Amino acid sequence: MGSLLCCMSEQNEEKSLERNLEKKISDIRRNKFGQSKLKSIDTIVMLFPMFKERLKTLRGMFQQYDEDSNGSIEPDELKTFLEDLELHLQENEIENIFQYCDIDGSKGIQFNEFIVLLCLIHILTEPLSSDDAPKAELAQLGEVFDTIVEIFLFFDKNGDGKLNKKDMMRTMNETNPKERSPAHITKNRFKEMDWDRNGQVTFREFLFGFINWVGIDADE
């Protein structure tokens with residue numbers, strides 16, 4: 001019974017985080033309505049080299065907080081990182097975001113999961129503007145994370161905070177007829193992100209899929 005209640009509690013916390021993300025992304029959509037410079041898939045693909053180069057700069061920060069150099073950041077190391085950012089989160093909040101980003105259940109945040117975690121922190125917290133490291137470095141990457149959110153919104157045509165296969169296929173194939181992708185490629189892209197096969201992709205799932213598209217290898 002205890003393990004069942006624990007599992008239900010974790011699922012509830014995950015749903016709560018997802019609702020907070022959806023609300024934040026909805027606010028971003030409302031504030032930036034009509035301002036997007038993304039007009040087609042081609043304009044997104046052209047940004048991939050920039051994404052890859054700038055996100056790879058986070059490797060040094062990851063290694064700094066991976067104090068035991070085991071290739072992952074454990075809960076205590078994450079707590080130190082958040083304290084250095086002066087993000088005074090409650091213990092349960094730290095645990096929730098850790099579990100939310102620890103996709104493989106390894107009890108450690110690997111590099112690709114670290115990128116996702118930083119993007120979520122950027123969305124869920126106030127903008128970081130301090131000149132102190134590591135806040136300065138993350139503040140500089142804020143524009144990158146904002147653009148990733150903008151790309152998500154580019155696909156999220158109905159504005160419900162999730163992507164569905166029909167709208168994604170339409171968006172990838174109709175924004176510019178000259179850029180039409182074969183249907184099986186578009187379906188595979190969606191399948192890569194839809195881990196639970198429920199026909200919808202959350203922002204977290206999209207982030208991991210996007211990192212894979214850009215080509216940031218967790219073992220680089």
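Residues numbered from 1 in each chain as written. Predicted model: local features only at pLDDT ≥ 70, side-chain atom pairs only at ≥ 80, totals over all residues. Heavy atoms only, no water.

Caption draft 1: Structural detail: unusual backbone geometry. One non-glycine residue, Ser 69, lies in positive phi territory at about 55°. Of note in the backbone geometry, Lys 107 takes a positive phi value of approximately 65° without being a glycine. With respect to the helices and strands, the residue Lys 107 is situated in the loop between helix H6 (91-101) and helix H7 (111-124). (Helix = DSSP H or I, 4+ residues; strand = E, 2+ residues; numbered from the N terminus.)

Caption draft 2: Quick look at the pattern of salt bridges. Counting across every chain of the model gives 6 salt bridges. Linking Arg 30 and Asp 27 is a salt bridge whose minimum nitrogen-to-oxygen distance equals 2.4 Å. Within this pair, Arg 30 and its partner Asp 27 are both found in helix H1 (residues 2-31), separated by 3 residues, close to a single helical turn. Given a relative accessible area of 55%, Arg 30 falls into the exposed group. Between Glu 91 and Lys 79 there is a salt bridge, and its shortest N-O distance comes to 2.7 Å. In this pair, Glu 91 sits in helix H6 while Lys 79 sits in helix H5 (residues 75-84), placing the two residues 12 residues apart along the sequence. Several salt bridges share partner residues, and in doing so they unite Lys 23, Asp 27 and Arg 30 into one network. (Salt bridge = Lys/Arg side-chain N within 4 Å of Asp/Glu carboxyl O. Buried < 20%, exposed > 50% of the residue type's maximum accessible area, 1.4 Å probe, protein only.)

Caption draft 3: Representation of H7 in the model. With 14 residues, H7 extends 20 Å from end C-alpha to end C-alpha; this agrees with the ideal 20 Å at 1.5 Å per step. Where burial is concerned, most of H7 is hidden: 11 out of the 14 residues are buried. Those residues of H7 that sit buried are Phe 111, Glu 113, Phe 114, Ile 115, Val 116, Leu 117, Leu 118, Cys 119, Leu 120, Ile 121 and Ile 123. (Expected span 1.5 Å × (residues − 1).)

Caption draft 4: Molecular detail of the nonpolar core. By size, the foremost hydrophobic cluster in this structure holds 61 residues, and its most contacted members are Leu 58, Phe 81, Phe 155, Phe 203 and Phe 206. Not counting the four nearest positions on each side in its chain, Phe 203 is found in contact with Ile 25, Cys 119, Leu 120, Ile 123, Val 149, Phe 152 and Gly 161. (Core = buried A, V, L, I, M, F, W, Y, C linked by side-chain atoms within 4.5 Å. Contact = heavy atoms within 4.5 Å.)

Caption draft 5: Expanded view of the packing of H5 against H6. Contact geometry of H5 with H6 gives a least axis separation of 11 Å together with a crossing angle of 115°. For the element pair H5 / H6, the angle class is roughly perpendicular. Here the hand of the crossing between H5 and H6 comes out right-handed. On H6, the residues that touch Pro 75, Leu 78, Lys 79 and Leu 82 of H5 are Glu 91, Ile 94, Ile 97 and Phe 98. For the contact of H5 with H6, the residue count by class is 6 nonpolar, no polar and 2 charged. (Axes fitted to C-alpha atoms, helices over the stretch in contact; angles between N-to-C directions. Parallel < 35°, antiparallel > 145°, perpendicular 65-115°, else oblique. Left-handed = near helix turned anticlockwise from the far one by under 90°. Nonpolar A, V, L, I, M, F, W, Y, C, P; charged D, E, K, R; others polar.)

Caption draft 6: Expanded view of the packing of aromatic side chains. Taken as a whole and assessed by the stated rule, the structure comprises 12 aromatic pairs. Here Phe 154 and Phe 155 contribute two aromatic rings whose centre-to-centre distance is 5.6 Å and whose plane-to-plane angle is 80°, an arrangement assigned as edge-to-face. With a relative accessible area of 8%, Phe 154 lands in the buried category. By relative accessible area, which is 3% here, Phe 155 ends up buried. Through successive ring pairs, a cluster of aromatic residues spans Phe 48, Phe 51, Phe 152, Phe 154, Phe 155, Phe 203, Phe 206 and Phe 210. The ring of Phe 111 is capped by Arg 59, whose NZ or CZ atom sits 3.9 Å from the centre of that ring. Taking the ring centre of Tyr 100 as reference, the NZ or CZ of Arg 204 above it sits at 4.0 Å. (Phe/Tyr/Trp six-rings, centres within 6.5 Å; stacked < 30°, edge-to-face > 60°. Lys NZ or Arg CZ within 6 Å of the ring centre and 35° of its normal.)

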